[in-house]
Amino acid sequence: MKIPTRIVFSILFCFIILSKSNFLAKAQNTRISVNVGVILDFDTWTGKMGLSCINMALADFYASNSYYKTRLLLSTRDSKSEVVEAAAAALDLIKNVEVQAIIGPENSMQAKFIIDLGEKAQVPIVAFSATSPSLTSLRSPYFFQAAQSSSSQVKAISAIVQAYGWREVVPIYIDIEYGQGIIPFLIDALQEVDARVPYRSVIPPLASDDYIGEELFKLMTMKTRVFIVHIPIDLGSRLFTKAKEIGMMSEGYVWIITSGMTNSIRSIESSVHDSMQGVLGVKTYVPKTIELENFTLRWKTKFHQANPNILDVELNVRGLWAYDAASALARAVEKAGTTNFDFENTTGSSNLTDLATMGVSLNGPKLHQALLDTRFTGLAGEFNLQNGQLQSSTFQIINVNGNGERGVAFWTPENGLVRELNSTNTSTYSTSRRNLGPVIWPGDSSSVPKGWVIPTNGKKLRVGVPVKDGFFEFVQVEHDASTNTTNVQGYSIDIFNAVMKALPYNVDYEFIPFAKPNGESAGTYNDMVYQVYLGNFDAVAGDTTIIANRTNYIDFTLPYTMSGVTMVVPIKGNERKNAWVFVKPLSWDLWMTSGLFFVFIGFVVWVLEHRVNEEFRGPPSHEIGTSLWYSFSTMVFAQKEALLSNLARFVVIIWVFVVLILTQSYTASLTSLLTVQQLQPTITDVNQLIKNGEYVGYQEGSFVLGILQEMKFDPSKLRTYKSAEECDDLFSKGSANGGIAAAFDDIPYMKSLLSQYCSKYTMVHSIYKNDGFGFVFPKGSPFVSDVSWAVLNVTEGEQMKEIEKKWLGDQSDCPSSTTQVSSGSLSLESFWGLFLIAGITSLSALIISFSMFLYKEKQQIWIRFDSKNSIWRRISHALRIFDNKDLSSHTFRNKALKDRDEIDYVHGIGASDASPSSNCPTSPISCSVHTEPEFTFSEDSGTPSREYFVPNQHGHEFLSAGANEQIGLPNLSQEGSRTQEIALENC
């Protein structure tokens, strides 16, 4: 019989169903439940939201990972917002329930106690809402901060402060672990951007509204208007409501809230939201994903089902951290294995508070390592516990405006402030204001607040002034005993008054002398400046020099005077009636060089003209005199000798130019010496003072003492003065008689001294560079920038000239110190270039002339000279040739032609006058024709003899120089003017 097919399929289906049920039952029996504790405050929003997210996280996780063998079994405890309750709950969970891990607690104070319990029992404590950075300082390996630490946002806050240029910030924080933990990190971050914290406002956790109001009124009386609020959302709501009530949410105020409030800002009431208009906030940035959107919708639905009485719920980042923490713990438990979930117990009492009998989890070390190795992308972003702490991520800067919040910028650890994430221009860290979007500030203002105002508490600015024993033109303090009032005046005081009036706002201030009860000065300028650092003065107005070591603890404004430390010495006048005043225009080295060059130029001209110019020939004395006369006469351009050599002319042209410059400079300098009063310092070199052991002076209490000591002045050679009159008295005595040879002080003081004694002293040069006088304010004071701006306006205006004329006098009648220091003597350094040109020109002319001479006379000097003769005889022979005239020059050729014409003329006269019967025969042309002399050398004597081609009655023949005397002819080496006499004798 056949069984119906339908029946067969029904049987098979039932078998499959039964098999699957049996399999699921067996799988259910193989799952291992792992006890995990949860400690939260069930009455708080964070507790309710956190527990809901933890449950959903485990449900979602095991739904997608059904094959996991482990299942977390939650044991919840309510801490009731008490530290003791939280600690007792943790002890109960560890000792009695033997949990493998604890999620929670909710706040940092509770976590600080539970961490120790977890470490002792080796039970990991995973906190998703305890954000105090002080928890990580406990260095417990079993504590995992699955939330961003509060300290991770301080860089973002300091970037905002730096971007807007605020210099002072007041933090407002709750006086518990949550608030106290961030303050050291916040102050360090602010100091890195040159912002200081003048005051810290601490709010107790149970502070009443009246207490909050009193604290806000205190802040209102201060000048700082930038507040950083780091308190829980419930206390923060009350604070901003009170701030709105007393008028601190108006224009000019700046409020920055930390992520603790910003992350929950959507859950606050609308009335509180209205009180927070214009507030800036730092918010943890959570990337928007589809998974996050779906979870948010599912969470709202389930939360409303479980809590129907709670409306308008908003999921924040703490709920996401709770979700990710539970997911991470489920992963880590599965990874750690399914064995050794037991505790190693110790015998003892069963009392719940007996810590000595608390067991140790055997699976704790494995679970600890598994949590460290857990990495995944959660709802809040990347989950990665490095060293047990969730790593910092991006923050968003928001502006509370209208009914919600508006994004202004983002901050990342790598790029700082950026307008948009994933921007292409993110290569460097930036805190530029341009990367911030528009902000609506408190009071519905779009103008960036400057961050400070003049205090409204009625207190005046306390301005310290120095008490001086001299130089009263700068600061003078006078006390009127009859009226018990103090009058402060002077150059520095008038400038300070003018500067404060130039500010765009009114500032009330009073001058407080830095003096002892008896009226004497209370210390040095360094001591007075230090009072600003201590808070005894709000500022210092006076002749305070800006130097580097003072800026370590106070700030200076821009200087209002000239800068530098200078040396002042007595001056002496030159004696006008000195008989030797004419030698003073030139220094001795210039006189010597000029004289040597006059002689040298004379020698060069003689060498170049001797062979071609009759005026430079003759006896040695005549030639020397002519050469020197010609050279020195160029000083007055009175030379009469005509130059025939082109080389000599070129040399003289250059030399005349040099002489022109020298004579003009000499004339100008001599005129100045004779007509202008020459005042010169007695000494110009500081090293000469030290070398000579001279006494020098400085103003008592001045920082100049340290400079002189650094310059190696002998401390026993230093004398002090208090006023310009005392300084003049010391100068009058002289260094050898208990006085000084020089004084060192700031330029303004020295200008004051010279305004009274400008005919007796002069400033030589600056020995030390500083920035001049400035006004002193506390480090980071917002007054500095505004007062510096006002200083520029005052010093550049006409008012500054009036103040200087009033207190320092008109110094236009005093000779300039720069002209007094000049010695008036012209040195070789100013003219060595001219002498170099003249020297090179002269040497070049000599070389060219000598080369031409050697080339022209090469046959007489080199070819016909016996090689056996010594070099000195050859040089001597060359010099004898050089001493002769250069008959081939155009000068002597022209002269020979002229002489021949004169001889022909004489013969013509003789022929016409002679009678036919005369016995005197008609003479042929008897004019001697000068040709190039020929030289022959005698083998006996080696002495050259000159031969001349001359006419005689027997015809033309050569006659040696030795034959001239035998026939009665003149020696042709002498003057050629006797040729005419030879012709007449032949007649």
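The protein goes by Glutamate receptor in an unreviewed UniProt entry, where it is assigned to Lithocarpus litseifolius. What UniProt states about the protein under its Sequence similarities (unreviewed entry) heading is, verbatim, "Belongs to the glutamate-gated ion channel (TC 1.A.10.1) family." In UniProt, the protein has this text filed under Subunit (unreviewed entry): "May form heteromers."

Asks: Help me out: how do you make sense of the overall build of the protein in this one?
Replies: A count of helices and strands for the protein gives 32 helices and 34 strands. When contacts within the protein are restricted to residue pairs at least 6 apart in sequence, long-range pairs at least 24 apart make up 71% of them. Accessible area of the protein: about 50,000 Å², with a carbon and sulfur share of 54%.

Asks: What is the right way to read the packing of helix α17 (residues 588-609) against helix α18 (residues 620-633) from this model?
Replies: Between two packed helices, what matters for the description is the angle formed by their axes and the separation of those axes. Packing of α17 against α18 leaves a shortest axis separation of 8 Å and a crossing angle of 120 degrees. Taken together, the axis directions place α17 and α18 in an arrangement best described as oblique. For the pair α17 and α18, the crossing hand works out as right-handed. Two secondary-structure elements touch here, α17 through F598, V599, I601, G602, V605 and W606 and α18 through E623, S627, L628, Y630, S631 and F632.

Asks: How should I be thinking about the side chain of S150 in this particular structure?
Replies: With respect to the helices and strands, the residue S150 is situated in the loop between β5 (143-145) and α5 (154-164). On the basis of relative accessibility, which here comes to 3%, the residue S150 falls in the buried class. When residues no more than four places from it in sequence are discounted, the contact partners of S150 are T131, S132, P133, Y178, I182 and H230.

Asks: Just to check I follow, could you spell out the UniProt feature "transmembrane region" (unreviewed entry) in the protein for this structure?
Replies: Within this numbering scheme, the UniProt entry marks residues 590-608, 647-666 and 831-855 as carrying the feature "transmembrane region" (unreviewed entry). Structurally, residues 590-608 is divided into 100% helix and 0% strand, and its ends, taken at the C-alpha atoms, are 27 Å apart. Overall, residues 831-855 shows 96% helix and 0% strand. The separation of its end C-alpha atoms is 37 Å.

Asks: Could you clarify how one ought to interpret the packing of helix α15 (residues 491-502) against helix α24 (residues 783-795) in this entry?
Replies: Two elements in contact, α15 and α24, have axes separated by 8 Å at closest approach and are oriented at 110 degrees. Compared by their axis directions, α15 and α24 come out roughly perpendicular. The crossing of α15 and α24 is right-handed. Residues A498, V499, M500 and A502 of α15 form the contact with α24, whose own contacting residues are V787, W789, A790, V791 and V794.

Asks: Is there a simple way to think about α15 in this case?
Replies: Each α-helix winds once per 3.6 residues, and so residues spaced three or four apart point in a common direction. Between its first and last C-alpha, α15 extends 17 Å over 12 residues, near the 16 Å set by a 1.5 Å rise per residue. For α15, a buried count of 9 out of 12 residues is recorded, marking the element as mostly surrounded by other parts of the structure. Where α15 is concerned, the buried positions are Y491, S492, I493, D494, I495, F496, A498, V499 and M500. Elements in contact with the buried residues of α15: β19 (461-466), β21 (485-489), β22 (509-514), α24 and α25 (798-808).

Asks: Help me understand the nonpolar core, please; the structure alone is not making it clear to me.
Replies: Here is a general trend for soluble globular proteins: nonpolar side chains tend to be buried in one another's company. Ranked by internal contacts, the top residues of the largest apolar core, which has 57 residues, are Y491, F775 and V787. Among the nonpolar cores identified, the runner-up in size contains 52 residues, and W299, V313, L385 and L390 belong to it.

Asks: Would you mind going over a nonpolar patch on the surface with me for this structure?
Replies: Taken together, V599, I624, L628, F632, M635 and V636 make up a surface patch of nonpolar side chains, about 520 Å² in accessible area. Here the nonpolar patch takes 3 residues from α18, the largest share from any one element. If you trace the backbone, F632 turns up in helix α18. Judged by its relative accessible area of 33%, F632 is partly exposed.

Asks: Sorry if this is basic, but what is going on with unusual backbone geometry here?
Replies: Peptide bonds are, in most cases, trans, and in most cases residues other than glycine have a negative phi. Following G104, the chain continues to P105 via a peptide bond in cis, the omega torsion being -5 degrees. Structurally, P105 is set in the loop between β3 (101-103) and α4 (108-121). Of note, Q122 is a non-glycine position whose phi angle comes to about 60 degrees, a positive value. Residue F471 is not a glycine yet carries a positive backbone phi of 50 degrees. Along the chain, F471 falls in the loop between β19 and β20 (476-480).

Asks: Can you walk me through α24 in this structure?
Replies: Taking 1.5 Å as the rise per residue, α24 with 13 residues should run 18 Å; its terminal C-alpha atoms sit 18 Å apart, in good agreement. If you follow the buried residues of α24, they end up packed against β19, α15, β24 (554-556), β31 (776-778) and α25.

Asks: Would you explain the sheet that holds strand β17 (residues 404-412) in this entry?
Replies: By definition, the strands of a sheet pair up through backbone hydrogen bonds, in either a parallel or an antiparallel sense. Strand order in the open sheet made by the 8 strands is β7-β6-β8-β9-β10-β16-β17-β18, with mixed pairing throughout. Lying at the two open borders of the sheet, with one neighbouring strand each, are β7 (201-203) and β18 (416-418). Ignoring which end each strand starts from, the neighbouring axes of this sheet average 25 degrees apart. Across 3 bridges, β17 lies against β18 in antiparallel orientation.

Asks: I would appreciate a short explanation of the pairing of β19 in the present structure.
Replies: One face of the sheet, then the other: side chains in a regular strand alternate in exactly this way. Among the 6 residues that make up β19, 5 are buried, leaving the element largely enclosed by the rest of the structure. In terms of strand pairing, β19 meets β22 through 6 bridges, oriented parallel. Bridging across to β22, V465 finds its partner in P513. By the bridge criterion, 2 bridges tie β19 to strand β23 (residues 539-540) in an arrangement that is parallel. Pairing of V463 across the sheet is with A539, part of β23.

Asks: Even after reading the chapter, I still don't get the environment of D508, so can you show me in this structure?
Replies: Note that D508 resides in the loop between α15 and β22. Spatially, the C-alpha atoms of D508 and R462 are 9.1 Å apart, while their sequence positions differ by 46 residues. Setting aside residues up to four positions removed in sequence, D508 forms contacts with K460 and L461. Among the polar contacts listed, one links the side chain of D508 to the side chain of N506, at a separation of 3.4 Å.

Asks: I would appreciate a short explanation of the side chain of Q531 in the present structure.
Replies: Mapped onto the elements, Q531 comes out in helix α16 (residues 525-534). Excluding residues within four positions of it along the chain, Q531 makes contact with F514, N536 and F537.

Asks: I tried to follow the pattern of salt bridges on my own but got confused; where do I start?
Replies: Per the stated rule, a full pass over the model turns up 20 salt bridges. Measuring nitrogen to oxygen at the nearest pair gives 3.1 Å for the salt bridge that ties D92 to R77. Of this pair, D92 sits in helix α3 (residues 83-97) while R77 sits in strand β2 (residues 70-78), and the two are 15 residues apart along the sequence. Where D729 meets K733, a salt bridge forms, and the shortest distance between an N and an O atom there is 3.6 Å. Of the two residues, D729 and K733 are both situated in helix α22 (residues 724-733); the distance of 4 residues between them amounts to about one turn of the helix. Shared partners join several salt bridges into a network, and the residues in it are R167, D555 and K779.

Conventions used here
- Residues numbered from 1 in each chain as written.
- Predicted model: local features only at pLDDT ≥ 70, side-chain atom pairs only at ≥ 80, totals over all residues.
- Heavy atoms only, no water.
- UniProt positions renumbered as here; feature names shortened; annotations may be inferred.
- Helix = DSSP H or I, 4+ residues; strand = E, 2+ residues; numbered from the N terminus.
- Contact = heavy atoms within 4.5 Å.
- Areas by Shrake-Rupley, 256 points an atom, 1.4 Å probe, with all protein chains shown as cover.
- Axes fitted to C-alpha atoms, helices over the stretch in contact; angles between N-to-C directions.
- Parallel < 35°, antiparallel > 145°, perpendicular 65-115°, else oblique.
- Left-handed = near helix turned anticlockwise from the far one by under 90°.
- Buried < 20%, exposed > 50% of the residue type's maximum accessible area, 1.4 Å probe, protein only.
- Expected span 1.5 Å × (residues − 1).
- Core = buried A, V, L, I, M, F, W, Y, C linked by side-chain atoms within 4.5 Å.
- Patch = residues over 30% accessible without salt bridge, like charges linked within 9 Å, V, L, I, M, F, W, Y side chains within 5 Å.
- Salt bridge = Lys/Arg side-chain N within 4 Å of Asp/Glu carboxyl O.
- Pairing = 2+ DSSP bridges.
- Polar contact = N/O pair within 3.5 Å; in protein donor to acceptor, adjacent residues only side chain to side chain.

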